[in-house]
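Observations on chain architecture
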Amino acid sequence: MIKDIVSPAPPEFVPLKGELAAKLVTPRKMILFWEVSELPKKIIELFFNCRFENLVPVVRIYDVTDIIFNGKNAGHYYEITVPYQSGHWFIKGLAPNRCYTAELGVHLSDANFFPLFRSNCIQTPALTLLNGIEISRDIIQYQQYEDNPPKWVDHVSTYSYYLESNLLEEKNG
């Protein structure tokens, strides 16, 4: 008997409990990660009085470019059936220079979609073919950001007094 070996996701991809995390993998492809939990299943089963296994889990991809998204006002969306138990799914074919957010949910009927989680918003880079320089610049900026994300200082006190290093040397010397 051969077991499927599934390598664990890198720690930066693992979402917090009750979260759908989106990350751009290439300029036209993103990956969605979610925690596979029994809690959403139980909530759906108790509230809607149906078995979760009988429902179709889907990911809705919303184009939220230039809007403040309220869950219903997306310019466009499409759906992809996904296996809930997988905990991740790749979304290909994203358009250039657009903002996307996703929801993981289930279809309760043909017309009723019930979202479980909503992702963060991602921006795809622009695609311009003037001379290729703009494409290269977008890709380089994207790679630099991914390789060196900003370093944030967790705690800064506005009431601290800091001595200059040469004053410390004089005191200690």
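Residues numbered from 1 in each chain as written. Predicted model: local features only at pLDDT ≥ 70, side-chain atom pairs only at ≥ 80, totals over all residues. Heavy atoms only, no water.

**Structural notes on the overall build of the protein**
Check the secondary structure of the protein and you find three helices and eight strands. Along the protein, helices and strands appear, N-terminal first, in the series β-β-α-β-β-β-β-β-β-α-α. Looking at the 173 residues of the protein, the share that counts as buried comes to 28%. Approximately 12,700 Å² of the protein is accessible, and the part contributed by carbon and sulfur atoms is 57%. (Helix = DSSP H or I, 4+ residues; strand = E, 2+ residues; numbered from the N terminus. Buried < 20%, exposed > 50% of the residue type's maximum accessible area, 1.4 Å probe, protein only. Areas by Shrake-Rupley, 256 points an atom, 1.4 Å probe, with all protein chains shown as cover.)

**Observations regarding the side chain of Asp63**
Tracing the backbone through its elements, the reader meets Asp63 in strand S3 (residues 56–63). When near neighbours in sequence (up to four residues on either side) are disregarded, Asp63 contacts Ala74, Gly75, His76, Arg98, Cys99 and Tyr100. (Contact = heavy atoms within 4.5 Å.)

**Notes on the sheet that holds strand S2 (residues 29–34)**
What the three strands build is an open sheet, ordered S1-S2-S5; its pairing is antiparallel. For this open sheet the edge positions go to strand S1 (20–26) and strand S5 (88–92), each flanked by a neighbour on one side alone. Each neighbouring strand pair of the sheet contributes to a mean axis angle of 25°, computed without reference to strand direction. (Pairing = 2+ DSSP bridges. Axes fitted to C-alpha atoms, helices over the stretch in contact; angles between N-to-C directions.)

**Side note on the pattern of salt bridges**
Counting across every chain of the model gives five salt bridges. Measuring nitrogen to oxygen at the nearest pair gives 2.4 Å for the salt bridge that ties Arg60 to Glu79. With Arg60 in strand S3 and Glu79 in strand S4 (residues 76–81), this residue pair connects regions lying 19 residues apart in the sequence. Exposure remark for Arg60: the relative accessible area of 13% places this residue in the buried category. When its relative accessible area of 33% is taken as the criterion, Glu79 is described as partly exposed. Ionic pairing is found between Asp63 and Arg98, a salt bridge with its closest N-O pair at 3.0 Å. (Salt bridge = Lys/Arg side-chain N within 4 Å of Asp/Glu carboxyl O.)

**Here we look at the confidence of the model for the protein**
Per-residue confidence for the protein averages 77 on the pLDDT scale, and 63% of its residues sit at or above 70. Ignoring residues within four places in sequence, the model shows residues 1–6, a span with pLDDT below 50, making zero contacts including any to other chains. (pLDDT = per-residue confidence, 0-100.)

**Here we look at unusual backbone geometry**
A positive phi angle, near 55°, is found at Asn49, a position not held by glycine. Relative to the helices and strands, Asn49 is located in the loop between helix H1 (38–48) and S3. For Asn97, which is not glycine, the phi torsion reads 55° and is therefore positive. With respect to the helices and strands, Asn97 occurs in the loop between S5 and strand S6 (99–107).

**Re H1**
Among all positions of H1, only Pro40, Lys41 and Ile44 are buried. The buried residues of H1 all sit within an arc of 105° when viewed along its axis, so they share a single face. Structural note: H1 exposes Leu39, Leu46 and Phe47 on the side pointing more than 90 degrees away from its buried face. For H1, the elements touching its buried residues are S6 and strand S7 (113–118). Taken from the residues just after H1, Asn49 is the one with a positive phi, measuring 55°. (Arc of directions from axis to C-beta.)

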